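Understanding the architecture of this molecule
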Amino acid sequence: MARGYGRSSDFEDRFERFAGGASRNIVRIAIVIVVLLVLVNSVATIGAGERGVVFSKFGGVQDTVLDEGWRFKVPFVQDIIPIDVKIQKSETAASASSKDLQMVSSTIAVNYHVNPNAANKVYQDVGLSYKERIIDPAVQESVKAATAQFTAEELITRRGEVSIQIKEMLSQRLLAHNIVVDEFNIVDFSFSAVFNEAIEAKQTAEQSALKAQRDLERVKIEAEQQITAARAEAEGQRLQRETISEEILQLRAIEKWDGHLPQVTSGGTPFIDLKAMRGGA
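Sequence order as written defines the numbering, with residues in each chain counted from 1. Where local features are concerned, this predicted model is filtered to residues with pLDDT of at least 70; where side-chain atom pairs are given and counted, the filter is 80 or more; whole-chain, interface and lining totals use all residues. The basis for every side-chain value is the complete set of non-hydrogen atoms in the structure, without hydrogens or water.

Overview of the confidence of the model for the protein chain
pLDDT is defined as a per-residue confidence score from the predictor, taking values between 0 and 100. Counting all residues, the mean pLDDT for the protein chain is 79, and 72% of those residues have values of 70 or more. The contact definition used throughout considers only heavy atoms, calling two residues in contact when any of these lie within 4.5 Å. The low-confidence segment residues 1-5, where pLDDT is below 50, has 0 contacts with residues more than four positions distant or belonging to other chains.

Structure representation (structure tokens):
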């Protein structure tokens, strides 16, 4: 019995030593894990073309805006939220009415970027969904305001002016939210089928009228050419009549004379036929 008791005590001692060693190992592992978690949560990386917004669980969004690179933070208390400040592209479909109450559908392309120095304000006021919350509504409002100042036909013929007005209005609206417009383009203007048919009919009528006008001008020019030619011919005939003198007429008559004198005259003295006399001789 004594031996069994002794063996039990040895086993208990060994178990206690093993349990104590395992507990110490667990504690050590736990400490390493905690240290790693603290280190991981103490550093944040801000990528190229980004700014870091510091958010504290006790104070909300901080005034500090962090630049690119490695940045330290208070672990488990602060979060660093990256905000993209590179130029981004957005396309928005917009509908509006023209000055003459024609429905106009358009697609607007905008290149924009978040103001780097106010990235914290953008995150605080808008969050990360600024395209849906700010840009798209601002595009809709600007297109409606500018389109209402032009007729449907002017939207086509004065497209450059329309584009400038929309861009100015949009820039003002977005700048109030610290978003900068870099480039603006009207990708497409489309109108109702009725308006398109009216425009096509008008263009056809204008082309027909232009053709008729050109034909009329051509006829006038041809008539004037004929008149000019007739006048030139008449003038030539007149000048020809003026240059034919009485002497030329007499000369032409002599050229045509066959050498015979008339046998009977109305005067008292008869003409002598020289050819007859020569013949007789």
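Quick look at the sheet that holds strand E8 (residues 179-191)
Pairing between strands requires that DSSP locate at least two bridges from one strand to the other. Going along the chain from the N terminus, every DSSP run of H or I of four or more residues is numbered as a helix, and every run of E of two or more is numbered as a strand. In spatial order, the strands read E6-E7-E8; together these 3 strands make up an open sheet with antiparallel pairing. The strands lining the two open edges of the sheet, one partner per strand, are strand E6 (88-97) and E8. Each adjacent strand pair in this sheet contributes to an overall mean axis angle of 25°, direction not counted. Across the sheet, helix H3 (residues 130-147) is in contact with E6, strand E7 (103-114) and E8; its angle to E6 comes to roughly 40°. An axis is simply a line fitted to the C-alpha atoms; with a helix, the fit covers only the stretch in contact. Between two such axes, the angle follows the N-to-C directions and lies from 0 to 180 degrees.

Here we look at the pattern of salt bridges
Throughout this description, the term salt bridge denotes a Lys or Arg side-chain nitrogen within 4 Å of a carboxyl oxygen of Asp or Glu. According to the stated counting rule, one finds 9 salt bridges in the structure shown. The partner of Lys-86 in a salt bridge is Asp-84, with the nearest N and O atoms 3.1 Å apart. Buried means the residue's accessible area, taken with a 1.4 Å probe over protein chains only, is under 20% of the maximum for its type, while exposed means over 50%, and partly exposed covers the values in between. Given the relative accessible area of 40%, Lys-86 is considered partly exposed. When salt bridges with common partners are traced through the structure, they connect Arg-51, Asp-67 and Glu-68 into a single cluster.

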